[in-house]
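# Per-entry structural report
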Number of protein chains: 2
Amino acid sequence: MDLKPTKPLSGFIELLPAQQRCFDYCADCMENVLISSGFSMLDLPAIERAEVLTDKDNWDEIETQMFLFQKGDTKMGLRYDGTVGLSRYVAGHLNNLVFRASQFSKRYRGERAQRGRYREFYQMDLDIMGINSLSTNYDAEIISVINRALDSVAKFIGPSVVLVGSRPFWDALFEFLDLNAEQKKSVFVLIDKKDKMGDADFSDGLTDALGDVNKENLIKSVFVDGYENFMNKSEKLDAAISELTDFMNLLNAIGVKNAKIDLSVARGLAYYTGLVFEFKLVNHPELGTAAGGGRYENLASKFSKTKIVGVGAAIGFSRIFASMLENNQIDLSSFEKNVNVAVLIMGQQNVPYAMNVVSQLRNEWIVAVPYLDTDKKFKNQIEYADKIGAQFSMIIGDDEVAKNQVALKNMETGDQKNLSVADAIKEMAK
Amino acid sequence: MDLKPTKPLSGFIELLPAQQRCFDYCADCMENVLISSGFSMLDLPAIERAEVLTDKDNWDEIETQMFLFQKGDTKMGLRYDGTVGLSRYVAGHLNNLVFRASQFSKRYRGERAQRGRYREFYQMDLDIMGINSLSTNYDAEIISVINRALDSVAKFIGPSVVLVGSRPFWDALFEFLDLNAEQKKSVFVLIDKKDKMGDADFSDGLTDALGDVNKENLIKSVFVDGYENFMNKSEKLDAAISELTDFMNLLNAIGVKNAKIDLSVARGLAYYTGLVFEFKLVNHPELGTAAGGGRYENLASKFSKTKIVGVGAAIGFSRIFASMLENNQIDLSSFEKNVNVAVLIMGQQNVPYAMNVVSQLRNEWIVAVPYLDTDKKFKNQIEYADKIGAQFSMIIGDDEVAKNQVALKNMETGDQKNLSVADAIKEMAK
């Protein structure tokens, strides 16, 4: 019989145990920050009706990226982000609205796998929602919370910066420049991709889209001189500029010191309508955007007539941690060993005594692993203790049982002592 | 525009925040037991190649229950249990074999949804593995660990019992009764379904399968008189009976006091080859099997020529907790409130001071939620504090900022005091 492949499908992540312990530790650190900030952790289905995942008007674009399938008469698919499920959930629970929601869950994109692009990946979402209106103070709070979450794992990922952009600024500028709908869309896509395409291509793209050197230069000037030149041009421009300026001042006042304006941050064609932001890791530019989000005006419009506004973000958890773990960029030494003590048993007759000791150890949250192939030689048993990286081994034979003791061996120093179980627990706690 | 449905697909679980907190708490309790028992938590992909999920010889049976789809040339599907991925993973890491593995993850079965049957559900797996051989002492340890895991949430689910069966006993009895291959399979299926089908149907089934009153009565006698009558009939029967007897004695000796023999426990047509067991919740017979597992002889045979033997089990985590939560069988009072203090801010000018206070509170892991729509009246703000169930509200206006204080209001008693932030933290800790 041919053997089947042991590797996972490309684009799917599979960590080794020590890597997984680090991954889980980081998730716990960040989740604790979100919980202390009042976010309720939601766990929504990974499968949604196809009609929930897709809209007719952009079906073609999304379909190629989605895992879709049919069961009976029902067309369904795997979620590609956390927002689609949140929208549905929030609309279904309007009477008891969850104002702060977080989701740490797997999402799926069927795009062709490439370096750093996963087809199954974790994101950690956080959203603050309100009915009809919500102060931009909350946009500042979300950024502050993400900062704290990233700081909680800073020893692994280093410092971060947050770049703040504004959808209303571009909307107002496009209107001021009198662009038509098609031009608006083309230029917006160029701005969104500017970072990746280089200045020459960006310039060529603007020429193609606008065919107007003045307008082209005005748009390019935003990235050189900032928005100052556009003050006092139109009411909408003034409103967008003062929103952004006030927001940066607020961020600074509430202790966010790593934020700066970057009007090339646009967050693609997503549903954002106001301020938008992206986090980058200073020491890991190769990871691109570590987290991104912004303000939306009507989260649940497909599901309810109630207007849900809010600010939300997704932290690219797999993007950050799976990449860094796979590239050996994280020191795993503190995660390598998960067993405190291997309990080695000389003779089947001593299994009950030994398992009673194991229970006492586990009650004290000492990670204890018994070696229960009692017909194996002592040499095999101590090799096993060594192989699993146990800090101690505890040897239990007829003598130890007769004396109601254990022999505790420090696997690093080789020291061995006969002790009561209580004293052995104290010794291991040192 | 027609609004889309807000309910999840049938058979998919979606909990309310307080329910989710209880669910997550129980998962943490049980995971901590597994970690203290030396299990490494693995997180494997939910999507596998179709060839990994299916075998040609039983394709028809499994296919109807699986979510299968195709992307490009690759046929793939969602895992229906944790074992299929574990087999692949273990075979791929033989040089550094993970001897104890646990998985807490979502699995998928596309069967028609019915009460208590989920199409997306969590199971918590635990497996102890060895190369070529492994003592049945480990079967006893697995049962003991599951006991501890279930005990860690006993205040929600009550006590459990574990019923132990034996595949070798039935194999030996079928051989002693000289059944042909077809009869063996039919009778085994009947035994496996005996609990659900009632005595009359079981009897009729045996008559159909065997057409031999003597053999029929011998099989039925197992469920009345136990296995004693079958001692000294064949070597294989004696071996199976003494394995089971020794095992029950061992369980008792290592402190497992809730185990009994039940030879109707057979664990379906799965890959088990030795002792098998099922846990039932004493107070919740309606949930059926809460956990089940047993010994397997060759976990990774599809992936590797190395023989991996082991003992494994799956705890039906969603089956237990989602059912009990959905049926309001768990007292959620200790999970209803997740916010310690709502921070109410009188005037936009006081946002920086207030957010600084919020940071101090969160640093102490006090769950603090600021109300940042500062243009809203005090009445709206205090209603919000009440609505989110905050234990305290903290009011910050110009006076408090001037005095470097906060006004702390106990939402239950209505008491209100002006305090420094440090004293407010102490007051809330009381």
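Since the model is a prediction, treat every value here as computed from it, not as a measurement.

## Some words on the overall build of chain A
- Along the backbone of chain A there are 15 helices and 16 strands.
- Relative to a compact globule of 430 residues, whose C-alpha radius of gyration would be 22 Å, chain A shows 28 Å and is clearly more extended.
- Summarising its shape, the C-alpha atoms of chain A cover approximately 95 × 55 × 50 Å along the three principal directions.
- When each of the 430 residues of chain A is scored for burial, the buried share is 57%.
- Put simply, 67% of the contacts in chain A that link residues at least 6 apart link residues at least 24 apart.

## Observations regarding the sheet that holds strand 4 (residues 74-78) of chain B
Residue and element names in this part refer to chain B.
- Strands sit in the order 2-4-3 across an open sheet of three strands; the sheet is antiparallel. Both outer strands of the open sheet, strand 2 (47-49) and strand 3 (68-71), are each paired with one neighbouring strand and no more. Averaged over neighbouring strand pairs, the angle between their axes works out to 40° when direction is ignored.

## Brief notes about the packing of aromatic side chains
- For the structure on display, the rule yields 40 aromatic pairs over all chains.
- When the centroid spacing of 4.9 Å and the interplanar angle of 15° are considered together, the rings of A:Phe69 and B:Phe69 count as stacked. With A:Phe69 in strand 3 (residues 68-71) and B:Phe69 in strand 3, the pair connects residues from two separate chains.
- Under the relative-accessibility criterion, A:Phe69 is labelled buried at 7%.
- Centre to centre, the rings of A:Phe317 and A:Phe321 are 4.5 Å apart; their planes meet at 35°, and the pair counts as tilted. Of this pair, A:Phe317 and A:Phe321 both sit in helix 11 (residues 317-326), four residues apart, which is roughly one turn of that helix. For the pair A:Phe317 and A:Phe321, a shared accessibility class is recorded, and that class is buried.
- Connected via pairs of aromatic rings, a cluster forms that spans A:Phe169, A:Trp170, A:Phe174, A:Phe202, A:Phe223 and A:Phe230.
- For B:Lys71, the ring lying beneath its charged end belongs to A:Phe67, and the centroid distance is 5.7 Å.
- When the ring centre of B:Phe202 is taken as origin, the NZ or CZ atom of B:Lys194, which lies over that ring, is 5.6 Å away.

## Observations concerning the interface of chain B and chain A
- Each partner contributes to the interface: chain B provides 102 residues, whereas chain A provides 102 residues.
- Carbon and sulfur atoms make up 56% of the area that chain B and chain A hide from each other, which totals about 8,100 Å².
- The interface formed by chain B and chain A includes six salt bridges.
- The partner of B:Arg362 in a salt bridge is A:Glu141, and the shortest N-O contact between them spans 2.5 Å.
- Here chain B and chain A share 43 residue pairs in polar contact (both at pLDDT 80 or more) between them.

## Focus: the sheet that holds strand 15 (residues 406-410) of chain A
All names here are of chain A.
- Judged by pairing direction, the sheet is mixed, and its five strands sit side by side in the order 13-12-14-15-16 without closing on themselves. The open sheet has two edge strands with one neighbour each: strand 13 (368-371) and strand 16 (416-419). For this sheet, the mean inter-axis angle between neighbouring strands, taken without regard to orientation, is 25°.
- Where strand 14 (residues 392-396) and strand 15 come together, four bridges link them in antiparallel fashion. By the bridge assignment, Ile395 is partnered in strand 15 with Ala407.
- Of the strands in this sheet, strand 12 (341-345), strand 13, strand 14 and strand 15 are in contact with helix 13 (residues 378-387), which crosses strand 12 at around 170°.

## A look at the relation of the copies chain B and chain A
- With an RMSD of 0.0 Å, chain B superimposes on chain A once it is rotated by 180° and translated 0.0 Å along the axis. Here the copies are linked by what is in effect a two-fold axis. The rotation axis passes nearest to the C-alpha of B:Phe69 in chain B, at a distance of 3.0 Å.
- Here 100% of the contact residues of chain B are again contact residues in chain A; the copies associate through an equivalent surface.

## What about the confidence of the model for chain A?
- Looking at chain A as a whole, its pLDDT mean stands at 93, while 96% of the residues score no less than 70.
- Among the scores for the predicted complex, ipTM is 0.95 and pTM is 0.95.

## A short note on helix 16 (residues 421-429) of chain B
Residue and element names in this part refer to chain B.
- Of the residues making up helix 16, those classed as buried are Val421, Ala424, Ile425, Glu427 and Met428. Down the axis of helix 16, the buried set is contained in an arc of 160°. They therefore lie on one face. Facing away from the buried side of helix 16, by more than 90 degrees, are the exposed residues Lys426 and Ala429.

## Observations concerning the pairing of strand 5 (residues 100-108) of chain A
Residue and element names in this part refer to chain A.
- Where burial is concerned, most of strand 5 is hidden: nine out of the nine residues are buried.
- In strand 5, alternate side chains face the same way, and those of Arg100, Ser102, Phe104, Lys106 and Tyr108 on one face and Ala101, Gln103, Ser105 and Arg107 on the other are all buried.
- Relative to strand 5, strand 1 (residues 40-42) is paired through three bridges, and the arrangement is parallel. When the sheet's bridge partners are listed, Met41 is paired in strand 5 with Ser102.
- Pairing between strand 5 and strand 6 (residues 120-131): nine bridges, direction antiparallel. Its bridge partner lying in strand 6, Gln103 is registered against Asp125.

## Quick notes on the environment of A:Arg319
All names here are of chain A.
- Turning to its location among the elements, Arg319 is positioned in helix 11.
- Residues within four places of Arg319 in sequence aside, it is in contact with Arg117, Tyr118, Leu287, Gly288 and Thr289.
- Among the polar contacts listed, one links the side chain of Arg319 to the backbone oxygen of Leu287, at a separation of 3.4 Å.
- Polar contacts involving the side chain of Arg319 include one to the main-chain carbonyl oxygen of Thr289, which spans 3.4 Å.

Thresholds, definitions, all that
Residue numbering note: each chain is counted from 1, following its sequence as written. The lettering of chains begins at A and the numbering of ligands begins at 1, in the order of writing. Per-residue local features are limited, in this predicted model, to residues with pLDDT of at least 70; the limit for side-chain atom pairs, both in listing and counting, is 80 or more; totals at the level of whole chains, interfaces and linings are taken over all residues. With hydrogens and water excluded, all non-hydrogen atoms of the structure serve as input to the side-chain values. Secondary structure elements follow DSSP: runs of H or I of four or more residues count as helices, runs of E of two or more count as strands, with numbering from the N terminus. What the globule rule says is 2.2 Å times the number of residues to the power 0.38, and the radius of gyration is computed from C-alpha atoms. A 1.4 Å probe rolled over the protein chains alone gives each residue an accessible area, and that area as a share of the maximum for its type sets the label: buried under 20%, exposed over 50%, partly exposed in between. What makes two residues a contact is simply this: any of their non-hydrogen atoms within 4.5 Å. When DSSP finds two or more bridges between two strands, those strands count as paired. Axis lines are fitted through C-alpha atoms, for helices just across the contact stretch, and the angle between N-to-C directions can take any value from 0 to 180 degrees. A pair of aromatic rings is counted whenever rings of Phe, Tyr or Trp (Trp by its six-membered ring) have centres within 6.5 Å, and the orientation is called stacked for planes under 30 degrees apart, edge-to-face for over 60 and tilted otherwise. Geometrically, a charge over a ring is one whose NZ (Lys) or CZ (Arg) sits within 6 Å of the ring centre while staying within 35 degrees of the ring normal. When two components associate, each loses some accessible surface as probed by a 1.4 Å sphere; the sum of these losses over both components is called the buried area. Counted as salt bridges are all cases of a side-chain nitrogen of Lys or Arg within 4 Å of a carboxyl oxygen of Asp or Glu. Residues adjacent in sequence count toward polar contacts only when both atoms are side-chain atoms; beyond that, a polar contact is any pair of N or O atoms within 3.5 Å, and within protein one must be able to donate a hydrogen and the other to accept it. Our superposition of the copies is a least-squares fit, built on the C-alpha atoms of residues whose pLDDT is at least 70 in both. A score from 0 to 100, pLDDT tells how confident the predictor is in each residue. The arc in question is traced by the directions running from the helix axis to the C-beta atoms.

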